[in-house]
Amino acid sequence: MPAVEKRILHSMLRASILQKAGALAKHGLALAARPTAAPALSRLEKHCAALSLSPSDRSYATTPKHIRKRKKAALEAERPPVFLRHAELFRDAIQANNISQIASAYNALRNQLPLGEKDVADIAKALHTALRLLTQSVRQTRIPAEIINLADLLVLDIQAKVLPPSYDAHLHLLSFYKESAAFEKGNAFWSWLVKQGDDYVNANLYGVALELFAFQGRPAEDTEALYEKALARFPGVFLEYHLAHNAVIADRSQPTAISGIPRALLQGILTARILRGDAKNAYLTLDTTLRLFPTHVPSRFITLFVQERPLDEAYKVFFLACRAGATPGHDALKILLTRLRKVAALSPTENAAVLRAMVMACYAHTTSGAALNNKSLNELVIAITGSLKDHVYTKKSSDQLRPVTDAISALIADLFGVWAAQNSPPGIASFNSMIANLAGRGKRKDILDQTLETMQHIGLKPNTVTLRSILAAAGDMNDAEAIRSAWTDLVANRIATGAALELVDWQNLLNAARRINDPEYVQQQLINFQHIVPHHILDRMSTALQGENFSRLQKENQNVSQESTMATAELLKVIEVLQRDVKYMAENAQSGRNFYEDPLSLSLAKHSGVYANVPEQHIRTVYDEMTTDTPALEILPESSPEPEAEKQPAAMSPTGFPLDELRYENWKTINELLFDARLHDQQYMDIVDESIKLGTPPPSRDMELSNVPKLAEFAGLSDPTSKHANDRQDTLDDKQVTLDEFREKIYELRGRKA
């Protein structure tokens with residue numbers, strides 16, 4: 001290809017080759033638009049003419065052979081370069097996120113086409129996405145070699161300066177190494193990047209490097225030093241000052257008008273601090289974020305606290321974000337609901353308030369601006385139907401349980417309606433739980449049949465867990481024929497999918513057979529499949545079958561105990577309260593909520609004691625002292641005084657809060673979290689110290705609730721606003737805390753000098 005044509009072609013494709021390279025006709029049109037492309041265009045016009053389907057002036061039969069050869073040679077000379085066809089395949093592969101094709105096309109194009117910055121970023125993003133789409137088990141044990149090789153090849157070409165620098169590409173590659181636990185490769189790439197110019201590294205990339213360090217468990221000295229280096233290298237608009245814990249903003253009633261605040265850097269240092277257990281500085285980092293962006297807290301921030309902190313702290317952080325209109329994200333909601341569900345499962349009736357908290361979390365999340373998601377619905381259905389697992393219901397008959405199972409069925413139907421109103425149908429997990437718990441534990445074959453019909457109606461096919469649930473339900477109903485039918489279906493499913501029968505399948509069969517006292521059926525199945533059943537499963541099942549206590553046949557108790565009657569009445573009361581909450585959610589989920597005028601309680605368990613006996617005016621006074629004029633402002637450049645402008649009305653959050661009031665409430669909540677975190681951390685350290693004295697290993701940290709609220713104590717969704725408002729206020733008695741005492745407490749909590 002002549003130099004002029006190649007130069008024009010490369011110039012045309014530089015910005016994003018994979019979007020522009022393609023058919024030769026497009027190539028010609030692009031060149032035709034350039035006035036300097038005449039020599040190259042003449043060659044391309046000849047080629048386009050040769051490709052034309054219009055008949056030529058001279059027939060093939062009358063064209064001399066030497067002319068045909070000459071034309072053929074000319075056509076071959078003018079054939080578009082092969083790399084253009086690879087480029088088109090490359091572009092299509094990236095759009096489809098097909099890593100195999102991306103890797104193949106990239107190898108073909110490496111030395112043929114100078115990719116642009118956006119193209120490099122697109123490749124790295126596709127690579128990172130492919131990793132995230134792998135299941136957790138695959139990601140931890142057997143990441144496909146083509147993914148790893150492509151990542152390594154991209155890094156080599158970036159370091160060789162074959163590829164142009166791209167902040168986004170570097171971010172995705174560092175994240176790839178972090179999430180695939182290839183820490184040595186990630187460290188090596190970062191060590192090279194940090195020595196390059198600012199066209200290779202920005203402040204946000206330091207944030208990703210901080211997360212890379214944090215996932216390795218690097219000490220505080222390393223992460224804090226890296227954070228300080230980022231602030232020094234990229235001072236921006238006095239970045240070090242604005243990200244300091246004691247910084248102030250010019251107008252607390254308005255959004256922060258400071259551009260260039262690197263949120264990924266804040267996320268990186270927050271991740272490092274929270275993963276090493278530095279709750280104090282993690283909460284102060286969140287405080288900084290809330291001061292700068294009171295309505296735009298990144299969802300990853302909330303997810304970190306929901307994952308890593310004790311449940312009552314996690315709950316408060318989640319609702320803090322919802323109150324501001326900063327949607328926490330579906331990951332944070334799912335994690336929070338799962339943790340709450342596990343607490344409810346410990347004692348479904350005693351911990352019924354936690355079920356109300358789950359409904360309120362879903363409502364708060366959707367009123368913060370998020371759509372409802374069926375993952376949260378699944379968690380609610382599993383938690384509610386799990387109430388029937390309580391031992392007091394195991395010996396009751398279907399008729400004795402009918403009031404409870406009917407009430408739960410109606411409640412679930414109401415929940416399905418709320419989610420359906422936002423185009424979120426129930427997922428398979430909801431139906432699996434209904435089969436195993438509601439139909440099985442409730443001994444209701446009619447509910448089992450209705451559930452399967454509903455699944456078919458909305459296009460859901462039974463999966464392996466569904467078939468296991470049917471087997472378990474058949475056992476709970478003491479139905480021998482249904483047990484054999486369910487086992488046959490489960491075996492057929494495993495064979496059809498090419499999967500072996502697992503230990504959990506055999507345990508389900510064993511438990512079902514115990515209900516009908518039929519060990520011979522299990523023994524026969526083991527004989528039938530002994531050629532494919534692993535030895536460890538055969539051994540465990542044989543031991544279980546030989547046990548003296550094989551039979552777990554449950555005889556229905558006609559004389560219902562007083563304990564059972566009371567438990568049923570209490571559960572019906574819980575369901576009634578939940579129905580009111582769900583009705584409130586159905587009527588208000590899509591209309592939004594003014595959290596300023598109509599607050600929701602942020603507290604799951606006991607109210608924080610940081611404001612006990614402290615008058616509101618003391619709290620406001622200390623807040624004003626800490627968030628207005630401060631000597632730290634002296635580092636800002638001097639500016640000539642401006643004439644006093646008319647004060648603007650306070651900007652509003654999406655949830656109805658004036659920003660100055662929202663910042664004040666956020667500051668108060670951070671103080672509560674600092675107080676609670678110190679208490680939680682001290683309690684755990686006391687346990688660790690005691691274990692060391694006794695010479696025993698310290699127990700794992702208790703991350704759940706130590707004090708679950710009673711149903712009557714909890715301020716739920718359908719309760720009056722006054723109950724939520726009162727929950728935010730501390731009672732005062734004669735021993736009021738003085739202003740100086742309160743100031744000292746808050747300054748000490750925040751690590752500042754009064």
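Just so we're clear, the structure is a prediction, and the values are computed from it rather than from any experiment.

> So what exactly am I meant to see when it comes to the overall build of the protein chain here?
Within the protein chain one finds 35 helices and 0 strands. Looking at the protein chain as a whole, 49% of its 754 residues are labelled buried. Long-range pairs, those at least 24 residues apart, make up 77% of the contacts in the protein chain between residues at least 6 apart in sequence. Of the accessible surface of the protein chain, which amounts to about 36700 Å², a share of 52% is contributed by carbon and sulfur atoms.

> Sorry, what's going on with helix 23 (residues 398–420) here?
Since there are 3.6 residues in each turn of an α-helix, residues three or four apart along the chain are aligned in direction. The largest bend in helix 23 amounts to roughly 35° and is located at valine 404. Turning to helix 23, its buried residues are Ser398, Leu401, Val404, Thr405, Ala407, Ile408, Leu411, Ile412, Leu415, Phe416, Val418 and Trp419.

> Would you take a moment to explain the pattern of salt bridges for this structure?
Side-chain pairs of opposite charge can arise where the charged atoms are in close proximity. For the structure on display, the rule yields 38 salt bridges. In this structure, aspartate 122 and lysine 118 form a salt bridge, with 3.0 Å as the shortest nitrogen-oxygen distance. Of this pair, aspartate 122 and lysine 118 both sit in helix 8 (residues 117–133), separated by 4 residues, roughly a single helical turn. The class for aspartate 122 is partly exposed, based on a relative accessible area of 23%. Residues participating in the shared-partner salt-bridge network are Glu224, Arg273, Arg276 and Asp278.

> Even after reading the chapter, I still don't get the nonpolar core, so can you show me in this structure?
Taken as a class, soluble globular proteins show a tendency for nonpolar side chains to be buried jointly. Counting residues in hydrophobic clusters, the biggest one holds 201 residues, and the most contacted among them are Trp190, Phe318, Trp487, Trp506 and Met585. Broken down by element, the residue count for this core peaks at 12 residues, all from helix 21 (residues 352–367). Residue contacts for tryptophan 190: discarding those within four places in its chain leaves Leu174, Val201, Leu205, Tyr206, Ala209, Phe213 and Leu226.

> Honestly, the side chain of glutamine 422 in this entry has me stumped. Any pointers?
Tracing the backbone through its elements, the reader meets glutamine 422 in the loop between helix 23 and helix 24 (428–441). Within the structure, the side chain of glutamine 422 is placed 3.3 Å from the side chain of threonine 366, a separation counted as a polar contact. A polar side-chain atom of glutamine 422 sits 3.0 Å from the main-chain amide nitrogen of leucine 372.

> What should I look at first to understand the packing of aromatic side chains in this one?
The relative placement of two aromatic rings is captured by the distance of their centres and the angle of their planes. All told, the structure shown has 15 aromatic pairs when counted by the stated rule. Look at tryptophan 506 and phenylalanine 529: their rings are 6.3 Å apart centre to centre, the planes differ by 70°, and that puts the pair in the edge-to-face class. Taken as a pair, tryptophan 506 in helix 28 (residues 503–516) and phenylalanine 529 in the loop between helix 29 (519–528) and helix 30 (535–546) lie far apart in primary sequence, 23 residues in all. In this structure phenylalanine 529 comes out as buried when scored by relative accessible area, which is 14%. Ring pairing ties together the aromatic residues Trp190, Tyr206 and Phe234, which thus form one cluster. The ring of phenylalanine 215 has lysine 178 lying over it, and the distance from NZ or CZ to the ring centre is 5.1 Å.

> Could you clarify how one ought to interpret the packing of helix 11 (residues 167–179) against helix 13 (residues 203–216) in this entry?
Describing two packed helices takes the angle between their axes plus the distance from one axis to the other. One way to put it is that helix 11 packs onto helix 13 with a least axis distance of 10 Å and a crossing angle of 5°. Classified by the angle their axes make, helix 11 and helix 13 are roughly parallel. Together, Tyr167, His170, Leu171, Leu174, Ser175 and Lys178 of helix 11 and Leu205, Val208, Glu211, Leu212 and Phe215 of helix 13 make up the contact between the two elements.

> Which parts of the structure should I look at to understand unusual backbone geometry?
Backbone phi values are negative for most residues with the exception of glycine, while trans is the configuration of most peptide bonds. At lysine 161, a residue that is not glycine, the phi angle is positive and equals roughly 65°. Within the secondary structure, lysine 161 is located in the loop between helix 10 (145–159) and helix 11. Positive phi is not limited to glycine here, since asparagine 613 has a value of about 65°. Residue class for asparagine 613 comes out buried when judged on its relative accessible area of 16%.

> Could you clarify how one ought to interpret the confidence of the model for the protein chain in this entry?
With 83% of its residues at a pLDDT of 70 or more, the protein chain shows a mean pLDDT of 83. Ranking the elements of the protein chain by mean pLDDT puts helix 3 (residues 24–32) last with 35 and helix 12 (residues 183–193) first with 97.

> Looking at this model, I keep getting lost on the packing of helix 24 against helix 26 (residues 464–476). Mind explaining?
The contact between helix 24 and helix 26 brings their axes to 8 Å, and the two run at 10°. For the element pair helix 24 / helix 26, the angle class is roughly parallel. Within the contact between the two elements, helix 24 uses Ile428, Asn432, Ile435, Ala436, Gly440 and Arg441 and helix 26 uses Val465, Thr466, Ser469, Ile470, Ala473 and Asp476. Of the residues in the contact of helix 24 with helix 26, the class split is 6 nonpolar, 4 polar and 2 charged.

> I'm lost on helix 25 (residues 445–457) in this one. Help?
With 13 residues, helix 25 extends 18 Å between its outermost C-alpha atoms, agreeing within 8% with the 18 Å of an ideal straight helix rising 1.5 Å per residue. Packing partners of the buried residues in helix 25 comprise helix 23, helix 24 and helix 26. Positive backbone phi, at 85°, marks glycine 459, one or two positions downstream of helix 25.

Cut-offs used in this document
- Residues numbered from 1 in each chain as written.
- Predicted model: local features only at pLDDT ≥ 70, side-chain atom pairs only at ≥ 80, totals over all residues.
- Heavy atoms only, no water.
- Helix = DSSP H or I, 4+ residues; strand = E, 2+ residues; numbered from the N terminus.
- Buried < 20%, exposed > 50% of the residue type's maximum accessible area, 1.4 Å probe, protein only.
- Contact = heavy atoms within 4.5 Å.
- Areas by Shrake-Rupley, 256 points an atom, 1.4 Å probe, with all protein chains shown as cover.
- Bend = angle between axes of the 7 residues up to and from the residue.
- Salt bridge = Lys/Arg side-chain N within 4 Å of Asp/Glu carboxyl O.
- Core = buried A, V, L, I, M, F, W, Y, C linked by side-chain atoms within 4.5 Å.
- Polar contact = N/O pair within 3.5 Å; in protein donor to acceptor, adjacent residues only side chain to side chain.
- Phe/Tyr/Trp six-rings, centres within 6.5 Å; stacked < 30°, edge-to-face > 60°.
- Lys NZ or Arg CZ within 6 Å of the ring centre and 35° of its normal.
- Axes fitted to C-alpha atoms, helices over the stretch in contact; angles between N-to-C directions.
- Parallel < 35°, antiparallel > 145°, perpendicular 65-115°, else oblique.
- pLDDT = per-residue confidence, 0-100.
- Nonpolar A, V, L, I, M, F, W, Y, C, P; charged D, E, K, R; others polar.
- Expected span 1.5 Å × (residues − 1).

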